[in-house]
Amino acid sequence: MIPAGAWICLLAPLAGTLAITLCGTRISRVTAAWISTASVAVAFVGAIVAFAGLLGETPHKRSHLSTAWTWLEAGTFKAGLSVLVDPLSVFMMLIVSGVGMLIVLYSVGYMDGDDEERRYFAYMSFFVFSMLLLVQGGNLLILLAGWGLVGLSSYLLIGFWHERPVAVAAAKKAFIMNALGDATMALAFFVLILHGRSLDFGIAFATSSHLSSTAVNLVALGLLGGAVAKSAQIPLHTWLPDAMEGPTPVSALIHAATMVTAGVYLIARTHPIFEQARTIGLVAAGTGALTLLVAGLVALVQTDIKRVIAYSTMSQIGYMFLGAGLGAYANGEFHLMTHAFFKALLFMAAGLVIHALAGEQDIRNMQGIGRLMPRTRWAFLIGSLALVGLPPFAGFFSKDSIIAAAMGAHWYGWIFWVCALVGTFLTGLYTFRLYFIVFPGEPSPFVREHYDAHHGKEGPWTMTVPVGILAVLAVIGGWIQFAPLWTPVTTWLAPVARTLDIAEPTSWEEGISSALAVALGLAGVAVAWMLYAKRERAVPVVPTLQRALEHKFYFDELYDALFYRPSAAIAEWSRRGFEEPVVLAAGPELGDETQLVGRGVRRLQTGLIRTYVLALAGGLAVLAVVFLSVR
Amino acid sequence: MIHRPSVDWFALAPALILLGASGLALLEAVLVPRGARKVVAAATTALGFLGGIVAAIWLYVDSVHGERVIANALYRDRWAALAIVIVCCVGLASVAVSWSERMSERHIAEYYALLAAAGAGMAFFVGAANLMTLFLSLEWFSLCLYVMCAVDSELEGSLEAGLKYLIVGSFGSAALLFGSALVYGATGKLGFVEIAQATATGGLSHDALLVVGLALVLAGLGFKASAAPFHMWTPDVYEGAPTPVTAFMSAATKTVALVVALRVLVTAFPQEARLWTWAVAGIAVASLAIGNLAALVQRDVKRMLAYSSISHAGFMLIAVATGTPLGGRALMYYLIPYSAIAFGGFAVVAARERELGVPVTVDNLAGFGWERPFLGISMTLFMLGSAGLPFTGGFVGKFYAFSAAYDHGWIWLVIVGVVATIVSLYYYLGVVRAMYMRPAEELRLAAVAGGSPPREALLQAAVGAAFVVTFGSFFAVQPLIELARHAASSLPF
């Protein structure tokens with residue numbers, strides 16, 4: 001029952017992809033869209049079945065490894081297609097397929113009329129399949145395969161509008177940045193496989209305790225590299241804002257709800273290694289803390305509606321990294337879930353606006369759209385409140401526990417704690433800056449000119465219904481846990497990834513963190529209100545800082561100078577110094593020489609029987625003589 | 001009075017069933033009216049091969065512990081049974097591909113009778129347990145093949161192929177026979193096991209007669225496996241023989257020759273392992289070098305595939321040369337995708353040949369992939385499989401052969417194999433390029449010349465089966481390796 005649900009969950013989206021691909025133009029675009037939606041919906045049903053099955057079992061038995069077939073087997077080394085169903089993977093399966101289903105449904109309306117809808121929906125199903133493979137993977141190999149496929153499908157979706165050079169460049173950037181992480185992660189896996197002689201998670205983690213501390217640290221660092229790249233954390237974060245060139249539902253699916261949270265999943269899945277390499281765990285937490293600040297600051301000056309949300313995503317994932325790095329895995333995962341709800345909601349509400357304004361994304365042109373789209377305005381407001389983390393919205397319950405978890409962790413915990421609190425202030429500021437600029441007030445001339453209502457409504461039902469559902473989830477989704485009084489999520493995940501004692505906040509720590517976080521969030525909102533809604537004061541301008549923020553702290557420029565230019569120079573040099581004189585000259589010559597030898601061999605083939613018999617006899621004689629002489 | 005041995009009829013079943021089918025087909029050549037003769041004879045032979053498959057599978061299941069039966073003249077074990085399964089599957093596919101071959105209708109029933117008889121001889125050959133049965137069964141299937149090569153007696157090429165094979169083959173058989181005689185002279189024994197015992201007890205491992213005998217036996221078997229330098233007949237015979245016969249020979253003959261070679265070497269000559277492992281490694285290197293280099297410059301696809309089969313013999317001899325259980329497993333596994341790849345390649349060539357009515361060259365393959373999508377894709381897969389790229393069994397086969405060599409400490413042999421693979425990519429991908437990537441005007445020329453005769457369902461089915469095996473053996477590695485492991489456990493490594 002449980003494995004069946006998991007397999008259905010995994011294979012349904014793949015079947016959808018194959019069906020759309022193989023049918024080609026024989027099915028209409030709308031059919032393709034619905035096939036994709038249905039396939040992800042089936043996956044969700046499968047995930048629910050697996051979840052229900054696990055619920056019925058005692059907590060320590062909730063782990064099922066199901067192997068479809070073993071490809072290669074040698075001793076303990078077994079390479080095969082196997083899925084692992086345990087509380088952690090089911091938790092992720094529900095989020096990926098559930099939120100994924102809503103987003104694919106939203107795409108039906110959003111992508112309506114695009115020239116290559118079928119391709120889009122084939123990719124969407126394929127992405128969901130890859131992501132499910134990643135979270136369900138029952139051994140290191142499958143996890144790695146899912147990890148790679150997720151990178152591939154994200155590349156395909158970011159570059160979906162392949163006629164736009166920016167989109168193609170963004171896709172390439174995302175792929176290359178991710179490949180860097182893939183490489184470090186694969187190296188870490190190889191070390192584990194080499195020492196454990198097995199692909200099994202359990203054996204691999206047990207192996208890590210026999211490794212030297214340097215080796216464990218390197219393995220953990222490799223894993224962290226993969227997580228950082230996939231989750232767009234500093235220093236491998238620059239691809240995420242650019243990835244906003246893809247269609248908006250793609251941003252919602254990949255760059256908010258699912259793929260970018262894979263890093264958090266990876267840390268939770270491989271937590272035994274991070275627990276042995278505590279330093280690297282703290283590096284992960286520190287990365288998260290740094291990212292949440294940097295991203296929050298950069299978000300303050302962005303003018304593209306999707307980029308603001310993208311930076312906010314980076315910042316929120318920073319919180320998750322902070323939690324997971326400190327050992328509060330359940331809190332990280334919980335925030336991952338609520339974030340999936342409200343961030344997908346924000347992206348999709350923004351998508352409604354963009355859709356209604358014929359593709360416009362600059363917030364300075366959107367002023368006053370709220371009057372024309374009241375429901376979207378409400379949805380966006382709910383998403384914003386959840387993002388800032390005000391009670392009773394979802395973000396409040398998940399984010400505050402992470403902030404509180406930082407308090408227990410020695411002296412550096414206090415640094416993280418302060419960072420996280422400053423982050424809440426920034427969140428309130430940039431979120432409501434966006435909200436106040438876009439929605440309230442009189443519609444601007446641009447909006448009046450370009451606003452195009454969909455049959456008098458704010459969007460087709462396929463778009464508004466998912467937004468509605470997510471709006472509800474963004475309100476109530478957090479109520480399933482209210483630490484420390486009511487902790488079902490932590491209990492659920494405990495058999496796989498038990499929260500470390502050090503990251504378990506006391507009640508008063510929870511209380512004080514919550515109070516401060518809410519107060520600082522409100523302060524941020526208030527400042528935003530003063531600056532952007534009431535416009536009582538001019539926005540303070542510090543030219544140097546402003547420029548630094550607009551250039552996103554010069555990360556792109558730095559990478560350009562540090563990596564791109566030297567590599568390009570080396571490549572240019574090796575073209576002139578090596579390829580042209582050596583390869584291009586010697587390559588064909590080598591081929592010609594080989595062919596010449598081949599012609600020589602062919603000449604031996606005279607077609608005459610006497611030659612053949614001679615060769616036979618000659619070979620025989622050589623054999624006999626050699627045997628006689630060395631016997 | 002001669003003592004009559006007890007006969008294990010079940011062990012003989014595959015050979016007997018095929019022999020029965022052969023006899024029946026021969027009777028049909030005179031008793032069945034001409035119109036129905038082809039159908040009846042083909043059906044009889046197909047049933048014979050099917051029966052052979054069933055009996056061999058049964059034998060495999062039922063012979064967990066290998067033993068010698070019928071006065072210790074024949075092995076009844078899994079090593080032989082699995083080889084018989086491969087041979088019979090190839091035989092069945094050959095019947096399908098032969099169906100539409102433009103052969104003279106006069107002797108069509110005899111052709112099928114010979115095919116079944118060759119299968120029977122091979123089934124006997126792989127079980128051979130002493131030098132007598134070895135030579136007897138070798139001649140048995142060789143004689144059938146000589147005639148089958150020349151069956152198209154109106155074609156000069158076919159006659160020439162048959163004649164060349166006969167004369168050079170006689171020489172090879174003579175080498176084997178003479179070698180057997182020397183070994184018998186040295187040890188006084190015929191049975192493989194007894195030869196090894198006599199060598200060990202009599203301290204004969206340095207005996208001149210014995211080592212020269214070994215060299216001759218090696219040459220005789222190497223001839224059948226078309227390993228260099230005993231390979232010279234291969235391109236001419238493969239090119240001249242009717243393509244279905246070539247397909248059968250390339251897959252089945254090579255299978256049985258290699259399977260028997262490993263059995264003879266590890267059973268009868270374990271004392272001389274030092275000699276023959278190096279000798280076989282040398283033969284493997286020669287085969288890889290000559291097969292691949294000569295294939296580079298071929299334009300005729302059948303000749304190219306013939307050289308490719310020589311190079312495959314080299315890869316499989318790498319596994320044989322190690323003389324270890326892993327080598328045995330590697331050989332048996334490799335043979336499964338190899339048979340499918342070699343057979344499938346020639347079957348596709350047969351299809352093109354019938355379409356054009358002229359020998360298939362790299363040039364007139366142009367556009368084939370677009371005209372016949374299924375055959376084109378299949379041929380592409382066979383070529384990739386020959387080159388040993390992933391998603392084909394060829395990849396895993398090479399992987400196992402190389403790991404056997406690595407395990408044996410012969411890294412140099414692995415390097416030779418890898419270099420050979422690199423060279424081979426050129427001509428394998430050349431075929432793919434010819435089928436798909438020619439300039440438009442060349443493609444159109446070929447299409448006009450080709451026309452579109454009706455599709456042959458039977459040939460397509462055979463190609464489809466080869467496709468499934470080539471592709472499937474990559475994914476079903478574990479079960480196939482298990483089969484091979486059980487089979488190899490019958491040999492006394």
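Residues numbered from 1 in each chain as written. Chains lettered and ligands numbered in written order. Predicted model: local features only at pLDDT ≥ 70, side-chain atom pairs only at ≥ 80, totals over all residues. Heavy atoms only, no water.

### Examining the overall build of chain A
No. 1: Per the secondary structure count, chain A includes 26 helices and two strands.
No. 2: Taken over the C-alpha trace, chain A has a radius of gyration of 28 Å; the compact-globule value for 631 residues is 25 Å, and the two agree within 12%.
No. 3: The buried share of chain A, reckoned over its 631 residues, is 57%.
No. 4: At a minimum sequence separation of 6, the contacts of chain A that also span at least 24 residues come to 81%.
No. 5: Accessible surface, chain A as shown: approximately 24600 Å² in total, 69% of it carbon and sulfur.
No. 6: The averaged location of the 38 negative side-chain charges in chain A is 3 Å from the averaged location of its 39 positive side-chain charges. (Helix = DSSP H or I, 4+ residues; strand = E, 2+ residues; numbered from the N terminus. Rg over C-alpha atoms; globule rule 2.2 N^0.38 Å. Buried < 20%, exposed > 50% of the residue type's maximum accessible area, 1.4 Å probe, protein only. Contact = heavy atoms within 4.5 Å. Areas by Shrake-Rupley, 256 points an atom, 1.4 Å probe, with all protein chains shown as cover. Lys, Arg positive; Asp, Glu negative; His and termini not counted. Charge placed at Lys NZ, Arg CZ, Asp CG, Glu CD.)

### Quick notes on the overall build of chain B
No. 1: Each helix and strand counted, chain B has 20 helices and two strands in total.
No. 2: A globule of 493 residues ought to have a C-alpha radius of gyration of about 23 Å, and chain B, at 22 Å, matches this closely.
No. 3: Seen through its principal axes, chain B has C-alpha atoms that stretch 70 × 60 × 40 Å.
No. 4: Every one of the 493 residues in chain B was classed for burial, and the buried ones make up 65%.

### A short note on the domain arrangement of chain A
Reports of interface size often rely on the accessible area that becomes lost once the parts have come together.
No. 1: Taken domain by domain, chain A comprises domain 1 (278-477) and domain 2 (556-630).
No. 2: With centres defined by C-alpha atoms, the gap from domain 1 of chain A to domain 2 of chain A works out at 59 Å. (Domains from an automatic or database assignment.)

### Some points on the nonpolar core
No. 1: Formed by 405 residues in total, the largest nonpolar core has its most connected members in F269 and M332 of chain B.
No. 2: Per-domain counts for this core show at least three residues from each of domain 1 (278-477) and domain 2 (556-630) of chain A. (Core = buried A, V, L, I, M, F, W, Y, C linked by side-chain atoms within 4.5 Å.)

### Quick look at the packing of helix 3 (residues 78-98) of chain B against helix 13 (residues 325-356) of chain B
All names here are of chain B.
No. 1: In the contact formed by helix 3 and helix 13, the axes pass within 11 Å of each other and the chain directions differ by 5°. In terms of orientation, helix 3 lies roughly parallel with respect to helix 13. Two secondary-structure elements touch here, helix 3 through W79, L82, A83, I86, V90, A93, S94 and V97 and helix 13 through G328, L331, M332, L335, I336, S339, F343, A347, A350 and R354.
No. 2: Classifying every residue of the contact of helix 3 with helix 13 gives 14 nonpolar, three polar and one charged. (Axes fitted to C-alpha atoms, helices over the stretch in contact; angles between N-to-C directions. Parallel < 35°, antiparallel > 145°, perpendicular 65-115°, else oblique. Nonpolar A, V, L, I, M, F, W, Y, C, P; charged D, E, K, R; others polar.)

### Describing the packing of aromatic side chains
No. 1: Scanning all chains against the criterion turns up 43 aromatic pairs over all chains.
No. 2: Plain terms: the ring middles of F391 of chain B and F474 of chain B are 5.3 Å apart, the flat faces sit at 50° to each other, and that makes the pair tilted. Linking F391 of chain B in the loop between helix 15 (373-387) and helix 16 (393-407) with F474 of chain B in helix 19 (residues 457-475), this pair joins segments that are 83 residues apart in sequence.
No. 3: Exposure remark for F391 of chain B: the relative accessible area of 48% places this residue in the partly exposed category.
No. 4: The interplanar angle of 55° and the centroid separation of 6.0 Å between the aromatic rings of W410 of chain B and W412 of chain B together place this pair among those described as tilted.
No. 5: Residue W410 of chain B is classed as buried on the basis of its relative accessible area, which comes to 6%.
No. 6: Ring-pair connections join several aromatic residues into one group, and the members of that group are W69 and W71 of chain A together with F391, F395, F467, F471, F474 and F475 of chain B.
No. 7: Over the aromatic face of Y75 of chain B sits the side chain of R263 of chain B, whose NZ or CZ is 4.1 Å from the ring centroid.
No. 8: Over the ring of F315 of chain B we find K398 of chain B; its NZ or CZ atom is 4.2 Å from the centre of that ring. (Phe/Tyr/Trp six-rings, centres within 6.5 Å; stacked < 30°, edge-to-face > 60°. Lys NZ or Arg CZ within 6 Å of the ring centre and 35° of its normal.)

### Brief notes about the pattern of salt bridges
No. 1: The tally for this structure, following the rule as stated, stands at 28 salt bridges over all chains.
No. 2: In this structure, the salt-bridge partner of R119 of chain A is E116 of chain A, at a minimum N-O distance of 3.1 Å.
No. 3: For R119 of chain A, a relative accessible area of 22% puts it in the partly exposed group.
No. 4: Overall, the relative accessible area of 29% leaves E116 of chain A in the partly exposed class.
No. 5: Among the ionic pairs, D182 of chain A bridges to K230 of chain A, the shortest N-O distance being 3.8 Å. Remark: K230 of chain A occurs in helix 8 (residues 213-230) and D182 of chain A occurs in helix 6 (residues 165-196); sequence separation between them is 48 residues.
No. 6: Here the salt bridges share partners, and the residues they tie into one network are E160, K164, D236, E239 and R303 of chain B. (Salt bridge = Lys/Arg side-chain N within 4 Å of Asp/Glu carboxyl O.)

### A word on the environment of T248 of chain A
Residue and element names in this part refer to chain A.
No. 1: On the secondary structure map, T248 appears in helix 10 (residues 248-257).
No. 2: Its relative accessible area of 0% is what places T248 among the buried residues.
No. 3: Separated by 214 residues in the primary sequence, T248 and W34 have C-alpha atoms spaced 18 Å apart.
No. 4: Excluding residues within four positions of it along the chain, T248 makes contact with Y110, K306, F347, G351 and I354.

### Topic: the pairing of strand 2 (residues 77-85) of chain A
Residues and elements named next belong to chain A.
No. 1: Strand direction decides the pairing type here: strand 1 (residues 64-74) and strand 2, joined by nine bridges, are antiparallel. Each bridged residue has a counterpart across the sheet, and for W69 the counterpart in strand 2 is L81.
No. 2: Between strand 1 and strand 2, which pair antiparallel and follow one another directly, the connecting turn spans two residues, one of which, G75, has a positive phi of 65°. (Pairing = 2+ DSSP bridges.)

### Considerations on the interface of chain B and chain A
No. 1: Taken together, the 44 residues of chain B in the interface contact 30 residues of chain A.
No. 2: Of the roughly 3200 Å² buried between chain B and chain A, counting both surfaces, carbon and sulfur atoms make up 76%.
No. 3: The three residues of chain B that bury the most area against chain A are M232, V297 and Q478 of chain B, which together make up 20% of that side's buried surface.
No. 4: Between the two partners, chain B and chain A, sit zero salt bridges.
No. 5: Of all the elements in the fold, those that place two or more residues in the side of chain B that touches chain A are helix 6 (156-187), helix 8 (208-224), helix 9 (233-240), helix 11 (273-296), helix 12 (301-322), helix 17 (411-436), helix 19 and helix 20 (477-488) of chain B.
No. 6: Classifying every residue of the side of chain B that touches chain A gives 34 nonpolar, five polar and five charged. (Buried area = accessible area lost by both parts, 1.4 Å probe.)

### Digging into unusual backbone geometry
No. 1: Residue P235 of chain A is bonded to the preceding I234 of chain A through a cis peptide linkage, with omega at 10°.
No. 2: A cis amide bond links A228 of chain B to the next residue, P229 of chain B, at an omega of 0°.
No. 3: Looking at the secondary structure, you find P229 of chain B in the loop between helix 8 and helix 9.
No. 4: Although it is not a glycine, N72 of chain B adopts a positive phi angle of roughly 60°.

### Thoughts on the packing of helix 18 (residues 394-407) of chain A against helix 19 (residues 410-438) of chain A
Residues and elements named next belong to chain A.
No. 1: Following both chains from N to C, one finds helix 18 and helix 19 inclined at 150°, their axes separated by 6 Å at the closest point. With respect to each other, helix 18 and helix 19 are oriented roughly antiparallel. Considering the relative orientation of helix 18 and helix 19, their crossing is left-handed. Together, K399, I403, A406 and M407 of helix 18 and H410, G413, W414, F416, W417, A420, L421, T424 and T427 of helix 19 make up the contact between the two elements.
No. 2: Of the residues assigned to the contact of helix 18 with helix 19, the class counts are eight nonpolar, four polar and one charged. (Left-handed = near helix turned anticlockwise from the far one by under 90°.)

### Side note on a nonpolar patch on the surface
All names here are of chain A.
No. 1: On the surface, a cluster of nonpolar side chains totalling about 460 Å² of accessible area is made up of V30, W34, W461, V465 and I469.
No. 2: Among the elements of the structure, helix 2 (29-55) and helix 21 (461-476) are those that each provide at least two residues to the nonpolar patch.
No. 3: Tallying contributions element by element places helix 21 first for the nonpolar patch, with three residues.
No. 4: With a relative accessible area of 35%, W34 lands in the partly exposed category. (Patch = residues over 30% accessible without salt bridge, like charges linked within 9 Å, V, L, I, M, F, W, Y side chains within 5 Å.)

### Considering helix 12 of chain B
All names here are of chain B.
No. 1: Across its 22 residues, helix 12 extends 32 Å between first and last C-alpha, which sits within 8% of the 32 Å expected from 1.5 Å per residue.
No. 2: Approximately 25° is the largest bend angle found in helix 12, and it occurs at M316.
No. 3: Burial analysis of helix 12 places 22 of its 22 residues in the buried class, the great majority of the element. (Expected span 1.5 Å × (residues − 1). Bend = angle between axes of the 7 residues up to and from the residue.)

### A word on the side chain of E28 of chain B
Residues and elements named next belong to chain B.
No. 1: Note on placement: E28 falls in helix 1 (residues 9-31).
No. 2: Buried E28, no salt bridge; nearest opposite-charge side chain is R37, N-O distance 8.5 Å.
No. 3: Polar side-chain contacts of E28 include one of 2.9 Å to the side chain of T44.
No. 4: The residues contacting E28, other than those within four sequence positions of it, are R37, V40, A41 and T44. (Polar contact = N/O pair within 3.5 Å; in protein donor to acceptor, adjacent residues only side chain to side chain.)

### Observations regarding the environment of A313 of chain B
Residues and elements named next belong to chain B.
No. 1: For A313, the location among the structural elements is in helix 12.
No. 2: Residues A313 and L288, 25 residues apart in the sequence, show an inter-C-alpha distance of 7.9 Å.
No. 3: Setting aside its immediate chain neighbours within four residues, A313 contacts A225, S226 and K254.

### Some details on the environment of A494 of chain A
No. 1: You can see A494 of chain A is positioned in the loop between helix 22 (488-493) and helix 23 (507-533).
No. 2: As a C-alpha pair, A494 of chain A and A330 of chain A span 164 residues in sequence and 7.6 Å in three-dimensional space.

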